[in-house]
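Listed below, chain by chain, are the residues.
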Amino acid sequence: MFFGKSKVADQNVPQSINRDPLPKNCEVLTTEWGSKVYLLGTNGFCRKCLLNVSKIIQQLRPSVVSLQCSSSKLDEMKLKEEDALKKLDISPLALNLWVFCMTVFGDGLVAAMLYKQMTLQSKQTGLAPDADFRQAYNERKKIPDCRLHLADLPHEAVVYRTWGVPSLREKFTYARRLYQRQKKELKDPTEEHELELDKEHREQAMEREFDSLPAFKRVLIGDRDRYLAYSLKKAAEPTPTDKTPVVVGIVRNEHLDGIRANWNTVDLDVDKLTTVERKYVVYEALKYGAVMMLCTHLITRKIRNRKAWDLYFNVKKKR
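Just so it is clear, the model here is predicted, and its values are computed rather than measured. (Residues numbered from 1 in each chain as written. Predicted model: local features only at pLDDT ≥ 70, side-chain atom pairs only at ≥ 80, totals over all residues. Heavy atoms only, no water.)

**Remarks on unusual backbone geometry**
- In this structure, Asp130 is a non-glycine residue whose phi angle is positive, near 65 degrees.
- Its place among the elements puts Asp130 in the loop between α5 (109–125) and α6 (131–140).
- Looking at Asp130, the relative accessible area reads 9%, which means it is buried. (Helix = DSSP H or I, 4+ residues; strand = E, 2+ residues; numbered from the N terminus. Buried < 20%, exposed > 50% of the residue type's maximum accessible area, 1.4 Å probe, protein only.)

Here it is, written out as structure tokens:
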């Protein structure tokens with residue numbers, strides 16, 4: 001999905017590329033027709049990543065900047081950093097209430113816990129979620145006729161798939177892990193990003209994160225890796241005025257290896273990832289709601305019984 005002008009930079013104005021060394025976690029992928037995609041892995045709450053984003057865009061002056069986000073986040077990309085932070089400036093009580101509302105009436109328990117984790121990380125680091133993508137969006141505007149490409153799956157498709165694909169056991173298991181992680185002291189994003197530069201560390205972290213959660217690993221990582229590889233190739237397709245466009249792709253560190261693995265694969269079913277049958281979502285919603293009602297009944301039963309006994313003894317004393 002492209003935004004902005006479809007025309008690339010004027011061919012009469014040469015785009016000089018600085019030959020300074022690229023960041024360590026930048027990989028260069030080449031398409032069959034010769035276009036180059038400079039893939040930069042980032043951590044959304046790391047200030048060093050913001051500097052890397054600015055550096056690579058200013059250095060390469062690409063024809064296209066591709067971001068791992070969907071069109072539903074485009075308005076957030078346009079916000080200033082301080083305005084984006086103000087939206088998350090809420091009290092712990094209001095945050096927990098919002099998480100409860102998201103769980104019961106919104107996108108579900110896992111999405112609510114992920115939102116809470118992002119909010120806590122924002123308060124710790126002083127950066128709003130997707131600060132790296134916001135930085136890339138602003139840097140792109142400094143390059144004449146540079147196109148913006150949004151490479152991720154639609155937000156609705158990701159939400160529907162997290163509802164419809166993982167089992168109920170996996171949902172509660174993953175939500176419990178997220179809750180336990182939030183109770184601990186959050187890691188420093190800069191240190192975490194330095195560790196994520198190592199491929200072996202990324203693989204081990206992925207195994208710990210999604211141990212015994214194969215459906216979530218497929219929905220949140222595997223399927224998105226496939227779609228990102230497909231989408232980045234689409235961004236690098238030749239145009240009438242530029243046969244080999246230069247693309248800078250900004251993605252999360254955990255997707256680097258998967259994109260590289262799927263780069264030379266012809267995926268005929270990738271478009272199916274953008275949709276999911278609604279009947280599975282309805283079925284999962286009803287099942288999830290029934291479990292929530294049962295848990296509420298069991299939790300409040302003791303309170304109801306205690307009130308009944310108190311009422312019985314109060315009536316007996318009056319007699």
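Having seen the structure, we can now continue with the description.
**Quick word on the packing of aromatic side chains**
- In total, this model carries 3 aromatic pairs according to the counting rule given.
- Ring centres of Tyr174 and Phe216 lie 5.0 Å apart, and the angle between their planes is 45 degrees; on these two criteria the pair is classed as tilted. Placement of Tyr174 in helix α8 (residues 168–183) and of Phe216 in helix α11 (residues 214–235) is noted, with a sequence separation of 42 residues between them. The exposure classification of Tyr174 matches that of Phe216, with both residues buried.
- Where Tyr227 meets Tyr230, the ring centres are 6.0 Å apart and the plane angle is 50 degrees; that geometry is what we call tilted. Separated by 3 residues within a single helix, Tyr227 and Tyr230 lie in helix α11, roughly one turn from each other.
- Overall, Tyr230 belongs to the partly exposed group, its relative accessible area being 28%.
- Cluster of aromatic residues (ring-pair linked, three or more members): Tyr174, Phe210 and Phe216.
- A cation over an aromatic ring shows up here: Lys233 above the ring of Trp263, its NZ or CZ 5.5 Å from the ring centre. (Phe/Tyr/Trp six-rings, centres within 6.5 Å; stacked < 30°, edge-to-face > 60°. Lys NZ or Arg CZ within 6 Å of the ring centre and 35° of its normal.)

**Some remarks on a nonpolar patch on the surface**
- On the surface, a cluster of nonpolar side chains totalling about 450 Å² of accessible area is made up of Leu97, Phe100, Val104 and Phe105.
- One can find Phe100 in helix α4 (residues 92–105).
- When its relative accessible area of 47% is taken as the criterion, Phe100 is described as partly exposed. (Patch = residues over 30% accessible without salt bridge, like charges linked within 9 Å, V, L, I, M, F, W, Y side chains within 5 Å. Areas by Shrake-Rupley, 256 points an atom, 1.4 Å probe, with all protein chains shown as cover. Salt bridge = Lys/Arg side-chain N within 4 Å of Asp/Glu carboxyl O.)

**So, the environment of Val53**
- Relative to the helices and strands, Val53 resides in helix α1 (residues 47–60).
- According to the relative accessible area criterion, Val53 is buried, its value standing at 0%.
- In sequence terms Val53 and Glu139 are 86 residues apart; their C-alpha atoms lie 8.3 Å from each other.
- Those residues in contact with Val53, other than ones at most four positions away along the chain, are Leu40, Thr42, Asp132, Gln135, Ala136 and Ile250. (Contact = heavy atoms within 4.5 Å.)

**Digging into α4**
- Its 14 residues give α4 an end-to-end C-alpha distance of 20 Å, which sits within 8% of 20 Å, the value for a rise of 1.5 Å per residue.
- Those residues of α4 that fall on the buried side of the exposure criterion are Leu95, Val99, Met102 and Thr103. Seen from one end, α4 has its buried residues packed into an arc of 100 degrees, which puts them on one side. Opposite the packed face of α4, turned more than 90 degrees from it, sit the exposed residues Leu93, Leu97 and Phe105. (Expected span 1.5 Å × (residues − 1). Arc of directions from axis to C-beta.)

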